[in-house]
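Here is what each chain is made of, one letter per residue.
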Amino acid sequence: MKIALRLLIALTVAALLFAAPWWTLVAAPAGSGGPWFWTGTALWVGLTLLLPVTMILGHGPAQSDAAVLVGDTLLGVAWILFTWSIAGAVVGGVLSLAGVADAATAVAVAVAALTAALVAWAMYEARRLPRVRTVEVPITGLGAALDGVRVVVVTDTHFAATDRERWSRRVVELVNAQHPDIACHAGDLADGPFERRKAQVDPLAGVQAPLGKFYITGNHEYFGDALAWIEHMRALGWQPLRNEHRVLTRGDDRLVLAGIDDPTGIALPGHGPDLPAALAGAPKAPVVLLAHQPKQIVEAVAGNVDLQISGHTHGGQIWPFHYLVRLDQPVVAGLSRHGHNTQLYTSRGTGFWGPPLRLFAPSEVSVLVLRAA
């Protein structure tokens, strides 16, 4: 029954995604008959069935990497095609009302060409080395010895069916080139079976940061083997922060670096976010908190945290999906202020989830330079 329900939901989503492209590219220019209409309709029916089948085979119990590659790519292409087909249908309607001949055909050609160009660009953006985004963050009470400390943030790497071991090594080189004092991975390390993804994660052992390397869980760790990833990151020299903190010192000045679990962790006994526990016994000093989801800022404000570092949103990943992300999260990307004295930095993420595409939401390695305010 569960499989049938999932299949029904997936079929419904696929049908909705492909309905607008079918109308804009097939029905409107071809009319209600003819070779193009029937060929295009048959193709659209096939794609509507292929998407849910590959998604279930890839992300369900079978864990088929081949199905993941096909299904995730098709999902991303379908989203871009859906977006521009809706826009094309509106433009086509206006042109038809204005009496423009063959408006539907012209719109169909334009939508197809634009979608092809955007998909190619989005695939390039997803696979390229992330951009470095440097932001200075003033911290009240930060000691002079810690002024200028460089916190380099990697998050949402989502190592998955696409083998990105070489990309992982290049990211490590990029991180080290920023001369981090503190390195952080803010969660969503990998997707899929631990043994299949381990080789892509292993290069992270090469990150160098004199004040420490720290890791927290994201929601996707809890969709797989969270315990294995936590222990593996520990073995690679990263300190997992599970509702706990470390006191970092330089000279006579101190900084509290804390980390909490992702809220998804409550499904696993002994897991789930607990900020009071994370800050228990912490000295009076500025607090930087690693929390995977931006909406955890509510607890951070209540706990008088100075800076929360998050990921999770991917900056929307594929435009205009960021509008939907904004319904769930208070911030999609960048530095923002909350409450009286709490700041939040939300990274657009270093990798990508699912569809190997990034459209108008470039990936990043974040360099947060802490400044005494």
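Basis of the calculations
- Residues numbered from 1 in each chain as written.
- Predicted model: local features only at pLDDT ≥ 70, side-chain atom pairs only at ≥ 80, totals over all residues.
- Heavy atoms only, no water.
- Helix = DSSP H or I, 4+ residues; strand = E, 2+ residues; numbered from the N terminus.
- Rg over C-alpha atoms; globule rule 2.2 N^0.38 Å.
- Buried < 20%, exposed > 50% of the residue type's maximum accessible area, 1.4 Å probe, protein only.
- Contact = heavy atoms within 4.5 Å.
- Areas by Shrake-Rupley, 256 points an atom, 1.4 Å probe, with all protein chains shown as cover.
- Lys, Arg positive; Asp, Glu negative; His and termini not counted.
- Charge placed at Lys NZ, Arg CZ, Asp CG, Glu CD.
- Polar contact = N/O pair within 3.5 Å; in protein donor to acceptor, adjacent residues only side chain to side chain.
- Patch = residues over 30% accessible without salt bridge, like charges linked within 9 Å, V, L, I, M, F, W, Y side chains within 5 Å.
- Salt bridge = Lys/Arg side-chain N within 4 Å of Asp/Glu carboxyl O.
- Phe/Tyr/Trp six-rings, centres within 6.5 Å; stacked < 30°, edge-to-face > 60°.
- Lys NZ or Arg CZ within 6 Å of the ring centre and 35° of its normal.
- Pairing = 2+ DSSP bridges.
- Axes fitted to C-alpha atoms, helices over the stretch in contact; angles between N-to-C directions.

Asker: Looking at this structure, I do not really get the overall build of the protein. What am I missing?
Answerer: Helix and strand counts for the protein stand at 10 helices and 12 strands. On C-alpha atoms alone, the protein measures out to a radius of gyration of 23 Å, which is about the 21 Å that the 2.2 N^0.38 rule sets for 373 residues. Within the span of the protein, comprising 373 residues, buried residues form 52% of the whole. Across the protein, the fraction of contacts at a sequence separation of at least 24, relative to all contacts at a separation of at least 6, is 73%. As displayed, the protein offers around 16,200 Å² of accessible surface, 65% of which is attributable to carbon and sulfur atoms. Positive and negative side-chain charges of the protein, numbering 27 and 28 respectively, have mean locations separated by a distance of 2 Å.

Asker: What exactly am I supposed to notice about the environment of D156 here?
Answerer: Structurally, D156 is set in the loop between β2 (150-154) and α5 (165-177). Look at D156 and you get buried, because its relative accessible area is 0%. The contacts of D156, once residues within four sequence positions are left out, are H185, G187, D188, H292, G311, H312, H314, G349, T350, G351 and F352. A distance of 2.8 Å separates polar atoms of two side chains, one belonging to D156 and the other to T155. Within the structure, D156 has its side chain in polar contact with the side chain of H314 (distance 3.3 Å).

Asker: What exactly am I supposed to notice about a nonpolar patch on the surface here?
Answerer: Judged by side-chain polarity, L5, L8, I9 and V13 come together as a nonpolar surface patch covering roughly 380 Å² of accessible area. Secondary-structure assignment places L8 in helix α1 (residues 2-30). Relative accessible area serves as the criterion here: at 52%, L8 is assigned to the exposed category.

Asker: What is the right way to read the packing of aromatic side chains from this model?
Answerer: Ring pairs (aromatic) are described by centroid distance and by the angle formed between their planes. Under the defined criterion, the tally for this structure stands at nine aromatic pairs. When the ring of W319 is compared with that of F360, the centres are 6.2 Å apart and the planes differ by 70°; the resulting orientation is edge-to-face. With a gap of 41 residues between them, W319 in the loop between β9 (307-310) and α10 (322-328) and F360 in the loop between β11 (342-346) and β12 (364-372) connect regions that are remote in the sequence. By relative accessible area, which is 29% here, W319 ends up partly exposed. What makes F360 exposed here is its relative accessible area of 51%. A cation sits over an aromatic face here: R164 above F352, 4.5 Å from the ring centre.

Asker: How should I be thinking about the sheet that holds β2 in this particular structure?
Answerer: Hydrogen bonds between backbone groups are what pair the strands of a sheet, and the pairing can be parallel or antiparallel. Taken together, the six strands give an open sheet; going across it, the order is β1-β12-β2-β3-β4-β5, and neighbouring strands pair in mixed fashion. The open sheet terminates on both sides in strands that have one partner only, identified here as β1 (131-139) and β5 (239-240). Judged from the nine bridges that link them, β1 and β12 form a sheet pairing that is parallel. Its bridge partner being in β12, T134 is matched across the sheet by V367. Packed onto the sheet, helix α7 (residues 226-235) meets β3 (182-185), β4 (213-215) and β5 and runs at close to 180° relative to β4.

Asker: For this particular structure, what's the right way to read the sheet that holds strand β7 (residues 253-259)?
Answerer: Here we have six strands laid out as an open sheet, ordered β6-β7-β8-β9-β11-β10, and mixed in their pairing. In this open sheet, the two strands that pair with only one neighbour each are β6 (244-250) and β10 (334-338). Taken over all neighbouring pairs, the strand axes of this sheet differ in orientation by 20° on average, direction set aside. Pairing of strand β8 (residues 287-290) with β9, which is carried by three bridges, proceeds in the parallel orientation.

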